[in-house]
Structures are given as structure tokens and as C-alpha cells.
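Summary of structural features
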Amino acid sequence: MSRSRLNASFILTFTSRLTPPTFTMVVSAGDVDRLFLQATLSRGVMSVELAKNLWARSVQIVNDSNSALKIQHNGSKDAWNEFLTRINRSIDKLDLEVKVLHDEESGREMCALVNTKGDEIAQLATDYTPAEITFFKGVVEQIMLAPHEAYSVSSLAALREINELKLSMTKSQGEILLASFVAKGWLLKSKLGRYSLSTRSLLELQPYLKSTYPDEILECTVCMEILTRGLACYTPNCKVRMHHHCFARYRRSSECPSCSTKWPQQAKDKPLVPVGEGAAREGDGRRRRAQTQDSSDAEEEEPEPTQEETPKQNGKRRQSNKNVKFDASMETDEDEEDESVPSQTQARAEGSQRSRRSTRR
Ligand SMILES: [Zn+2]
Ligand SMILES: [Zn+2]
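Since the model is a prediction, treat every value here as computed from it, not as a measurement. (Residues numbered from 1 in each chain as written. Chains lettered and ligands numbered in written order. Predicted model: local features only at pLDDT ≥ 70, side-chain atom pairs only at ≥ 80, totals over all residues.)

Some points on the overall build of the chain
Just so we agree on the cut-off: Only DSSP runs of H or I with at least four residues qualify as helices, and only runs of E with at least two residues qualify as strands; both kinds are numbered from the N terminus onward. Remark: residues whose backbone-derived C-beta atoms lie within 7 Å of one another are considered to be in contact.
Helix and strand content of the chain: 11 helices and 11 strands. Considering only residue pairs separated by 6 or more positions, the chain has 66% of its internal contacts joining residues 24 or more positions apart.

Structure follows, in C-alpha cells:
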């Protein structure tokens, strides 16, 4: 079910600003939770810092409305985690959860009220037609199945989905749609014009992604969260993947935590291998399909030029880290609290990217 259809009354009094509701009954401590949820629902994806401020403000509003209550507010990490656990317990029956996920670019802790079920993309249903959602899913598929763990797709390949899916829309309509997906925070567009999944998509569409692409979901070795950009160990078949911020924060030795090969000091240094846009190569524009779907046209070849002698790898990536867990307790360095859409992919011209990744399956 779409979030916005979920409970219309949630939205009635709340827009982007937390304002005291008109209480018709005695204000109780439980109103803090309700206020917080209302604010969270209307905000969409936001930083955890902002969420903590909304929590504090909710307590203040309730205390101001009923001076007898005197609810104590303790902004400690433990108190926040307790609060989040309580909130999530109360909305669990509705298959909802306030979920925390680190932005893959900045490492900032983000959160949103999300559906925990729903292996279909229903979140876009209020904004887009079924055909537009089909297009979105096609683009997401190309992102998830991008070779070499590039988790991104060129605009050319994205627009090709219109024909592949036999959608009745023009190329320029497709371009407008892609811009709309970016504007609404579902996709990121890099300086090189490649589309990838945003933190919003990774948060809100995770049940869909996990059920549709179970073999493509990578997990960060450090934080265990989903990973679509970062780095990989260069040892063939070593499963270690890390976000850049996790590499920076947690790497304590100069070797791979799994296979113990020597690692350079910087996450972007070779021979470490990029995951995400930096892994994309020319000639990767070929279309692939999820194994679970119609496989009759799985091996469509596109007449795109290749720049390298590397044999095209069309094999699915396989890896064992399937159970993506969230660790809401991780320390972060964040010091800001705006709610801007996560920064765009750092466009990296990886012209020097060589066929090293052919070692990876
Ligand atoms: Zn990580
Ligand atoms: Zn390794």
C-alpha cells in the first residue's frame, strides 16, 4: 500500500513543519510517538539528526500542552534507540518501520518510514501511471544487473527500456520521466549521466530489490547494509565489499579482513576495485534480465562498441551475503541536519579501468 494512502489522518495537520495539533482529548505521553510518526511520514527520507530533533520537539509540544506530564527527554544514543524500538513495535502490525540506512556517498545516517512488506513497487503508484512504473522497474533492473557491479546505467541504456518493454511513450517522454525519478529522489544522476539508486530507493524499495534480485544484492562487510557503491577486494572470489565511509572509519589494518591480501591506504587506490559507477565500462550497455524472469531474451546483445579485449561477462554475480541487516547503532560523523537528497554520485571518469575485474564472478 502506498504510504500516502496509508493513513490520511496522519497528514492532515502536518505539512513540513511540526506544529501542535488541536487536542480534543487529554494529552498523553503516547502523543509523542504519534507526533513523531506524523512528522516522519510527511518528511520522507531525512537525516537521523533531523529525526532526533523532531523527537525532541514532539516531547516539547506534548509537555507544553499538558504541564502535568513532564515527560523527560534524554537525547542519548541509547534513549534514541529505545524510542525507535518502541515506535517500530507500535507500527509493526501495519508492516511499517522507521528504518535507518547510511547514505552511501556521504556516510550520513538517514531514516524514513517504510513499508517492510510489499515486494512490488507500490510506492510510486500515486505519482506515476502503470506504464511509467514499468519503465522505472526496467531502469532499476538495468541498474541491478549492470555488469562488474557497476549498479548504474547510462541514459542511453535506460531509454532503451522503452522499446524493450514495448511502452507507448516517446524518447523525450522517457527523458522527462527519468528527470522526474531524479527530482523525486528515486534515482541519482551522476555527472557522467549515469543513473543509480538513491538512498530513498534503497530504503523504501528494499523489499522489492531483495525479492527481485536476491543474487545481486551486495552487503558491506563492515556495516552489513546494502551496498551499491564502494570498493571490493581485488582477490579473485573474495567477497569483501565496503562503503567508502566504512573503509575510512573502520579499516584498522592494511589488509583485507577476509583474505588478508595487502590493501592500499585509500579506498579509491588500486588495486582495490570500485563498486558502482566507477566499475562501469564501455560496452556494458547490453541488456540483461533477472533470472527469475523470462529468460528467452536474456542474452540480447547490443551493437555497442567495446574498448577492450576483455571478453564480455554476462554471468550473474554470485555472492553469499544475502541477508542484509541494518545496524542502526553505528556511529556517524554527521554534524549537519538538513534533509537534502543525498549527494549525487561522484562522477569518476574511470577510463583507466582495466580488465582486472574479469577476476570477479
Ligand atoms: Zn558499509
Ligand atoms: Zn579479500
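Continuing now.
A look at the confidence of the model for the chain
Which entries qualify depends on this criterion: On a scale of 0 to 100, pLDDT captures the predictor's confidence in every residue.
On average, the chain scores 78 in pLDDT, and the residues at 70 or more come to 70%. Model confidence for the chain, summarised as mean pLDDT per element, is weakest for helix α2 (residues 8-12) at 38 and strongest for strand β6 (residues 194-197) at 98. Contacts from residues 1-16, a stretch scored under 50 in pLDDT, to residues over four places away or in other chains number 24 contacts.

Let's talk about the sheet that holds strand β2 (residues 96-102)
Stated formally: We treat two strands as partners when DSSP finds at least two bridges between them.
Taken in spatial order, the three strands of this open sheet run β1-β3-β2, and their pairing is antiparallel. Where the open sheet ends on each side, the last strands, each with one partner, are β1 (46-47) and β2. Alignment of β1 against strand β3 (residues 109-115), held across two bridges, turns out to be antiparallel. The residue bridging Met46 from the neighbouring strand is Cys111, located in β3.

Details of the sheet that holds strand β11 (residues 273-275)
One open sheet accounts for three strands, arranged β10-β9-β11; its pairing is antiparallel. The open sheet has two edge strands, β10 (241-242) and β11, and neither has a second partner. Sheet topology places strand β9 (residues 230-232) next to β10; two bridges connect them, and they run antiparallel. By the bridge assignment, Ala232 is partnered in β10 with Arg241.

Some details on the nonpolar core
Basically, it comes down to this: To count as a nonpolar core, a set of buried Ala, Val, Leu, Ile, Met, Phe, Trp, Tyr and Cys residues must be joined through C-beta atoms within 7 Å. Any residue surrounded by 20 or more other C-beta atoms within 10 Å of its C-beta is treated as buried, while 12 or fewer makes it exposed and the intermediate range makes it partly exposed; C-beta atoms here are placed from the backbone. For the domains described, the bounds stem from an automatic or database domain assignment.
Counting residues in each nonpolar core, the largest one holds 73 residues, and the members touching the most others are Cys111, Val139, Ile143 and Tyr195. Formed jointly, this core draws a minimum of three residues from each of two domains, domain 1 (3-94) and domain 2 (130-305 + 312-359). The contact partners of Cys111, leaving out residues within four places of it in the chain, are Met46, Val48, Ala51, Val98, Lys99 and Val100.

A closer look at the packing of helix α3 (residues 30-43) against helix α5 (residues 77-91)
Put simply, the rule reads: Think of each axis as a best-fit line through the C-alpha atoms, taken over the contacting stretch in the case of a helix, with angles from 0 to 180 degrees between the N-to-C directions. What sets the label is the angle itself: under 35 degrees gives roughly parallel, over 145 gives roughly antiparallel, 65 to 115 gives roughly perpendicular, and the rest give oblique. Classes in brief: Ala, Val, Leu, Ile, Met, Phe, Trp, Tyr, Cys and Pro nonpolar; Asp, Glu, Lys and Arg charged; the others, Gly included, polar.
At a minimum axis distance of 11 Å, the contact between α3 and α5 shows a crossing angle of 80°. On the basis of the axis angle, α3 is roughly perpendicular to α5. Between α3 and α5, the residues in contact are Asp33, Phe36 and Leu37 and Arg86, Ile87, Ser90 and Ile91, respectively. By residue class, the composition of the contact of α3 with α5 is four nonpolar, one polar and two charged.

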